[in-house]
2 protein chains.
Amino acid sequence: MAERKENSTNSVNRKCIVESNDLSYAIDMVGGRWKLLILVNLEKKKLRFNEIRKAMSSITERMLTLQLRELEADGLISRTVYAEVPPRVEYELTEISTELIPIWKKLCAWGARHRKARA
Amino acid sequence: MAERKENSTNSVNRKCIVESNDLSYAIDMVGGRWKLLILVNLEKKKLRFNEIRKAMSSITERMLTLQLRELEADGLISRTVYAEVPPRVEYELTEISTELIPIWKKLCAWGARHRKARA
DNA sequence: CAGTATCCATTAAGATACTG
DNA sequence: CAGTATCTTAATGGATACTG
């Protein structure tokens, strides 16, 4: 995430799984603790850095920055900087991540069912 | 996964996110590099340890064991031991993980679209 | 066959302080 | 406001050898 050794076995392993399989590719893109959560928060409307932060109370600034950068690099969010003082930066979903909405809704429903079943 | 300190900030953080949110709960259950991949392999039919291993060429025995244990603990696969020599153990999907199939198919399709869009 | 055990490498996550 | 920088700990992943 931060600095990744390109040639660790781990990286190579990951790369080759991801390349050979669309599912892994998707998970790689959106997996982890924070990414989908960030996207969910952006579903209704575009948000500014601190708005996202407040919406996800337990994330640190550092983590939020890192995750936003990766999401941006993967084309899942867009970042718009307004040349104002104080600075304003807005994040919003892109077309491709919008397509993900129905999928995470289903996953969410599944999670609820599953949780209930084990309670 | 292996030995987790129960009271690290990280664990606490994770626990509380997972508890408050069905989506995170679902991701926690099925996220990571290997879990969905294992489930996918079990979709068509039940498999033995080494069959899964061969199907996922790059996983190590240790990782496979760990992931299978977690999946079992979460009720996503069932494990049947046959009292034979040599030992035979079969893994198969449970009802709740079967419900996941249409979801991962969609995710897979999304991954393919996304990948294409950026190629 | 179906795993365990051990030890080490890599990566993710967090606290805190600071800046344009 | 919207981040960086730095340092530290925790968690995950892997190689290899071994066992009931």
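Keep in mind the model is a prediction, meaning the values are calculated, not measured.

(A) Quick peek at the relation of the copies chain B and chain A. Structural alignment of chain B on chain A gives an RMSD of 0.1 Å, achieved by rotating through 180° and translating 0.0 Å along the axis. A rotation of that kind, with that shift, is consistent with a two-fold axis. Mapped onto chain A, 100% of the interface residues of chain B again fall at the interface, so both copies present the same surface.

(B) Layout of the UniProt feature "domain: HTH hxlR-type" (unreviewed entry) in chain A. On the UniProt side, "domain: HTH hxlR-type" (unreviewed entry) is annotated at positions that read residues 16-119 of chain A here. Helix makes up 61% of residues 16-119 of chain A and strand 13%, and the two end C-alpha atoms of the span are 38 Å apart.

(C) The arrangement of the state of the cysteines in detail. According to the stated counting rule, one finds zero disulfides over all chains in the structure shown. Of all cysteine sulfurs in the structure, the one in C108 of chain B sits closest to C16 of chain A, which takes part in no disulfide; the separation is 16 Å. Under the relative-accessibility criterion, C108 of chain B is labelled partly exposed at 26%.

(D) Representation of the nonpolar core in the model. Of all hydrophobic cores here, the largest spans 66 residues; its most connected members are I38, L39 and I52 of chain A together with I38, L39, I52 and L100 of chain B. Among residues more than four places away in sequence, those in contact with L39 of chain B are V30, L71, L76, I77, L93, S97, L100 and W104 of chain B.

(E) Layout of helix α5 (residues 61-73) of chain A. Residue and element names in this part refer to chain A. Between its terminal C-alpha atoms α5 stretches 18 Å, which fits the 18 Å expected from 13 residues at 1.5 Å a residue. All of the buried residues along α5 are L64, L66, Q67, L68, E70 and L71. Contact partners of the buried residues in α5: α3 (35-41), α4 (49-55), β2 (77-82) and β3 (88-93).

(F) Layout of the pattern of salt bridges. Within the structure shown, the criterion is met by 21 salt bridges over all chains. Ionic pairing is found between K46 of chain A and E90 of chain A, a salt bridge with its closest N-O pair at 3.9 Å. Here K46 of chain A is found in the loop between α3 and β1 (47-48), whereas its partner E90 of chain A is found in strand β3, with 44 residues between them in sequence. With relative accessibility at 36%, the residue K46 of chain A sits in the partly exposed group. Its salt-bridge partner being K46 of chain B, residue E92 of chain B comes within 3.9 Å of it at the nearest N-O pair. With E92 of chain B in strand β3 (residues 88-93) and K46 of chain B in the loop between α3 (35-41) and β1 (47-48), this pair connects stretches of sequence that are 46 residues apart. Residue classification places E92 of chain B among the partly exposed positions, given a relative accessible area of 28%. Three or more residues are tied together by salt bridges with common partners; here these are K46, E84, R88, E90 and E92 of chain A.

So, how was this worked out
- Residues numbered from 1 in each chain as written.
- Chains lettered and ligands numbered in written order.
- Predicted model: local features only at pLDDT ≥ 70, side-chain atom pairs only at ≥ 80, totals over all residues.
- Heavy atoms only, no water.
- Least-squares fit on C-alpha atoms with pLDDT ≥ 70 in both.
- Contact = heavy atoms within 4.5 Å.
- UniProt positions renumbered as here; feature names shortened; annotations may be inferred.
- Helix = DSSP H or I, 4+ residues; strand = E, 2+ residues; numbered from the N terminus.
- Disulfide = S-S within 2.5 Å.
- Buried < 20%, exposed > 50% of the residue type's maximum accessible area, 1.4 Å probe, protein only.
- Core = buried A, V, L, I, M, F, W, Y, C linked by side-chain atoms within 4.5 Å.
- Expected span 1.5 Å × (residues − 1).
- Salt bridge = Lys/Arg side-chain N within 4 Å of Asp/Glu carboxyl O.

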